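Structure at a glance
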Amino acid sequence: MSSESKQSIVLGDVEISRVVEWHGAFTPARDLVPDSTARTWKDNEDWLAPDHWEPDTGRAVLTLQTWVLRSGGRTVLVDTGVGNGRERPGSPLFHHRQGDFLGSLARAGVRPEDVDVVVNTHIHGDHVGWNTVSAGAEGQEWVPAFPNAQYLIPAADDFHFGPRNAYGNGLREDDRLIYEDSIAPVHRAGQAVLWEGAHRIDEHLTLEAAPGHTPGSSVLRLTSGGDRAVFVGDLLHSPVQILDPACNSCFCTDERAAASSRRRILERAADEGELVVPAHFGGSGAVEVRRNGDGFSLGRWAGE
């Protein structure tokens, strides 16, 4: 199932909208979040379904989407999805995928040349794919999709997945392909900016390291007026991880660090009233978080 969506909210002086590349049932829920229990999913079926879970099949429902931020007169994209025509033998769902993401961006009022900043929260194939597009007569050359943009890439991920890492650390063939077609061309074009620790984009937006899902996983904090939000990338794949932040996804490279980062980010979100904006939630895509004893519960969804 595919879907296209534009939804906008305004936080302070920042307008936020999203463009959906893909939406549908992805994988069995307890394969996606292995430490979750069947009871957790069943006990929360009334709100997990249909946006986050298919009870009949037991599969988690995910959305691949790019968040578009208009801040300080600039256009910022947070993550860029899967991309078209990619060699992804380890991901059959997205292998040689063809879609109309750039058309969806255009219908949301964003042309490639309008984009000033691209944020890759981390280097996974569903977060960097539209960094580049194919060029040349044979379509075998990859060039930046956004010719005027600065691409902000976590330095730790660039090293981990890039050719400087001679040890490999268990990288898959897909990891090499992702770097070659979606990251290396940005470097060659001189548009990549590597950062570590923290990086301020403008007066409203700041990137911060949140390692564990990948070595360089990061979050983007938004502060404008009295409004707060945090774009958490893949710290969360499913709302059940808010209920139990010790539960990692099957894609986390360092489970202990990922769980620690997740709890730390959720604690601050609950204490400071930050709207939590994950990469893959369906529905409205963003939710408030509240403390519940030693854990957390979900508050209002964006737009309610």
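The sections below set out a description of the structure shown in this document. (Residues numbered from 1 in each chain as written. Predicted model: local features only at pLDDT ≥ 70, side-chain atom pairs only at ≥ 80, totals over all residues. Heavy atoms only, no water.)

1. Some points on the overall build of the protein chain
When you go through the protein chain residue by residue, the secondary structure sums to nine helices and 17 strands. Over its C-alpha trace the protein chain gives a radius of gyration of 18 Å, about what one expects of a compact globule, namely 19 Å for 304 residues. Viewed in the frame of its principal axes, the protein chain has a C-alpha envelope of about 55 × 40 × 35 Å. Looking at the protein chain residue by residue over its 304 residues, the buried ones come to 54%. Put simply, of all contacts in the protein chain between residues at least 6 apart along the chain, 65% involve residues at least 24 apart. The distance from the centre of the 28 positive side-chain charges to the centre of the 44 negative ones in the protein chain is 2 Å. (Helix = DSSP H or I, 4+ residues; strand = E, 2+ residues; numbered from the N terminus. Rg over C-alpha atoms; globule rule 2.2 N^0.38 Å. Buried < 20%, exposed > 50% of the residue type's maximum accessible area, 1.4 Å probe, protein only. Contact = heavy atoms within 4.5 Å. Lys, Arg positive; Asp, Glu negative; His and termini not counted. Charge placed at Lys NZ, Arg CZ, Asp CG, Glu CD.)

2. Observations concerning the side chain of Asn131
Counting through the fold element by element, Asn131 comes out in the loop between α5 (125–128) and β7 (132–135). Within polar-contact distance, the side chain of Asn131 engages the backbone oxygen of Ser182 at 3.2 Å. Excluding its chain neighbours within four sequence positions, the residues that come into contact with Asn131 are Thr80, Val118, Asn120, Val143, Pro144, Ala145, Phe146, Tyr151, Ser182, Ile183 and Val186. (Polar contact = N/O pair within 3.5 Å; in protein donor to acceptor, adjacent residues only side chain to side chain.)

3. Some remarks on the packing of aromatic side chains
Under the criterion given, the structure shown has six aromatic pairs. Here the aromatic rings of Trp67 and Phe231 are separated by 6.2 Å at their centres, their planes lie at 65 degrees, and the arrangement is edge-to-face. Separated by 164 residues along the polypeptide, Trp67 in strand β4 (residues 59–71) and Phe231 in strand β14 (residues 227–233) bring together distant segments of the chain. Just as Trp67 is buried, Phe231 falls in that class too. Aromatic side chains Phe281 and Trp301 sit 6.2 Å apart centroid to centroid with 50 degrees between the ring planes, which places their arrangement in the tilted category. You can see Phe281 sitting in the loop between β15 (275–278) and β16 (287–292) and its partner Trp301 sitting in strand β17 (residues 295–301), a full 20 residues away along the chain. Of the two residues, Phe281 and Trp301, neither departs from the other in class, the shared state being buried. (Phe/Tyr/Trp six-rings, centres within 6.5 Å; stacked < 30°, edge-to-face > 60°.)

4. Re helix α9 (residues 255–272)
The end-to-end C-alpha distance of α9 is 26 Å, a good match for the 26 Å that 18 residues give at a rise of 1.5 Å each. Where α9 is concerned, the buried positions are Ala258, Ala259, Ser261, Arg262, Ile265, Leu266 and Ala269. Relative to the axis of α9, the buried residues are bounded by an arc of 165 degrees and lie together on one face. Among the exposed residues of α9, those pointing more than 90 degrees away from its buried face are Arg256 and Asp271. Those residues of α9 that are buried lie in contact with β13 (218–224), β14, α8 (240–243), β15, β16 and β17. In the stretch just after α9, Gly273 is the one whose phi turns positive, near 70 degrees. (Expected span 1.5 Å × (residues − 1). Arc of directions from axis to C-beta.)

5. Some points on the pairing of β15
Moving residue by residue along a regular strand, the side chains alternate between the two faces of the sheet. Burial of β15 is two-sided: the residues Leu275 and Val277 facing one way and the residues Val276 and Pro278 facing the other way are all buried. One ladder, built from four bridges, connects β14 with β15; its direction is parallel. Each residue of the ladder has a partner; that of Ala229, found in β15, is Leu275. (Pairing = 2+ DSSP bridges.)

6. Overview of unusual backbone geometry
For the bond running from Ala49 to Pro50, omega is 0 degrees, close enough to zero to count as cis. Along the chain, Pro50 falls in the loop between α3 (45–48) and β3 (53–54). In this model, Asp79 sits at a positive phi of 70 degrees, which is unusual for a non-glycine residue. Turning to its location among the elements, Asp79 is positioned in the loop between β5 (74–78) and α4 (101–107). We note that His96 has phi near 60 degrees; this positive angle belongs to a residue other than glycine. With respect to the helices and strands, His96 occurs in the loop between β5 and α4.

7. Quick word on the pattern of salt bridges
Taken as a whole, this structure holds 20 salt bridges when the rule is applied. Residue Arg111 is joined to Asp114 by a salt bridge in which the shortest nitrogen-to-oxygen separation is 2.9 Å. By relative accessible area, Arg111 is classed as partly exposed at 46%. The network of salt bridges with common partners includes Glu208, Arg221, Arg268, Glu272 and Glu274. (Salt bridge = Lys/Arg side-chain N within 4 Å of Asp/Glu carboxyl O.)

8. Quick word on the nonpolar core
Membership of the largest hydrophobic core comes to 23 residues, with the highest contact counts inside it found for Leu105, Val115, Phe146 and Tyr151. Among the nonpolar cores identified, the runner-up in size contains 22 residues, and Val76, Leu205, Leu207 and Ala302 belong to it. (Core = buried A, V, L, I, M, F, W, Y, C linked by side-chain atoms within 4.5 Å.)

9. Brief notes about the environment of Ala108
On the secondary structure map, Ala108 appears in the loop between α4 and β6 (117–119). Linking Ala108 and Arg18, residues 90 residues apart in sequence, is a C-alpha distance of 8.3 Å.

10. Description of the side chain of Gln65
Mapped onto the elements, Gln65 comes out in strand β4. A polar contact is formed between the side chain of Gln65 and the side chain of Arg18, at a distance of 2.6 Å. Contacts of Gln65, omitting those with residues within four sequence positions, involve Arg18, Val19, Val20, Glu21, Val78, Pro278, Ala279, His280 and Phe281.

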